[in-house]
Amino acid sequence: LEAHEVENWVNTWAPDTNWILWSETPWDISDFPLLIAHSDHFSGIAHIIDSVRNASVNSNLFDLTSHHECRLGKWYYGLGKTKYGHIPGYKALEEPHRQSHLVGQKMLQLAADKKYDQANAMIPRLLEIRDDVLDKLNNLQFEILQHNK
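Predicted, not measured: the structure shown is a model, and the values here were computed from it.

Its 22 residues place the ends of helix 3 (residues 32-53) 32 Å apart at the C-alpha level, agreeing with the 32 Å of an ideal helix rising 1.5 Å per residue. The sharpest bend along helix 3 reaches about 35 degrees and sits at His38. At the exit of helix 3 stands Ala55, carrying a positive phi of roughly 50 degrees.

Right under this line is the structure:
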């Protein structure tokens, strides 16, 4: 933000509706990666898209982790699996989460190879996957709350 934009931002900012939805819910600290996965994936995908659109792929983006190594993946394949592996929403999250990493990595590689048109053409698919991951995260969080009642 530019300095002159801060006041307007402060006056118009509102929390994400998902924050409000879950704010009064008692979560176990071990489920923290699941709760911030929305933000992680939303911002990570936005960063990939910005990098592709602006042809500004740098070497740090190639540290993009696999779906096993990101914060959500570590939770998913570790404690999450132990605690919630039996919940249908848990299993439904795996494939779109994996796809988000694969498509993001492919886009970055295309951009690094200066194949910007091909990388940009994949943006709608990445956004579709992002939305699917976010929906699956919402469903899983809801199922976990129902399970823990």
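What follows covers the pattern of salt bridges. Applying the stated criterion across every chain yields a total of 6 salt bridges. For Arg71, the salt bridge identified is with Asp40, shortest N-O distance 2.9 Å. Remark: Asp40 occurs in helix 3 and Arg71 occurs in helix 4 (residues 71-77); sequence separation between them is 31 residues. Given the relative accessible area of 42%, Arg71 is considered partly exposed. In this structure, Asp132 engages Lys136 in a salt bridge whose closest nitrogen and oxygen atoms are separated by 2.7 Å. With Asp132 and Lys136 both in helix 8 (residues 123-148) and 4 residues apart, the pair spans about one turn of that helix. The exposure class of Lys136 is partly exposed, given its relative accessible area of 22%.

At a closest axis distance of 9 Å, the pairing of helix 6 (residues 88-112) and helix 8 adopts a crossing angle of 155 degrees. Here helix 6 is positioned roughly antiparallel relative to helix 8, judged by the angle of their axes. In this structure, helix 6 meets helix 8 at a crossing whose hand is left-handed. Facing Pro88, Gly89, Tyr90, Ala92, Leu93, Pro96, His97, Gln99, Ser100, Val103, Gly104 and Met107 of helix 6, the residues of helix 8 in contact are Ile123, Leu126, Ile129, Asp132, Val133, Lys136, Leu137, Leu140 and Glu143. Residue composition of the contact of helix 6 with helix 8, grouped by class: 13 nonpolar, 5 polar and 3 charged.

Parameters and conventions
Residues numbered from 1 in each chain as written. Predicted model: local features only at pLDDT ≥ 70, side-chain atom pairs only at ≥ 80, totals over all residues. Heavy atoms only, no water. Helix = DSSP H or I, 4+ residues; strand = E, 2+ residues; numbered from the N terminus. Expected span 1.5 Å × (residues − 1). Bend = angle between axes of the 7 residues up to and from the residue. Salt bridge = Lys/Arg side-chain N within 4 Å of Asp/Glu carboxyl O. Buried < 20%, exposed > 50% of the residue type's maximum accessible area, 1.4 Å probe, protein only. Axes fitted to C-alpha atoms, helices over the stretch in contact; angles between N-to-C directions. Parallel < 35°, antiparallel > 145°, perpendicular 65-115°, else oblique. Left-handed = near helix turned anticlockwise from the far one by under 90°. Contact = heavy atoms within 4.5 Å. Nonpolar A, V, L, I, M, F, W, Y, C, P; charged D, E, K, R; others polar.

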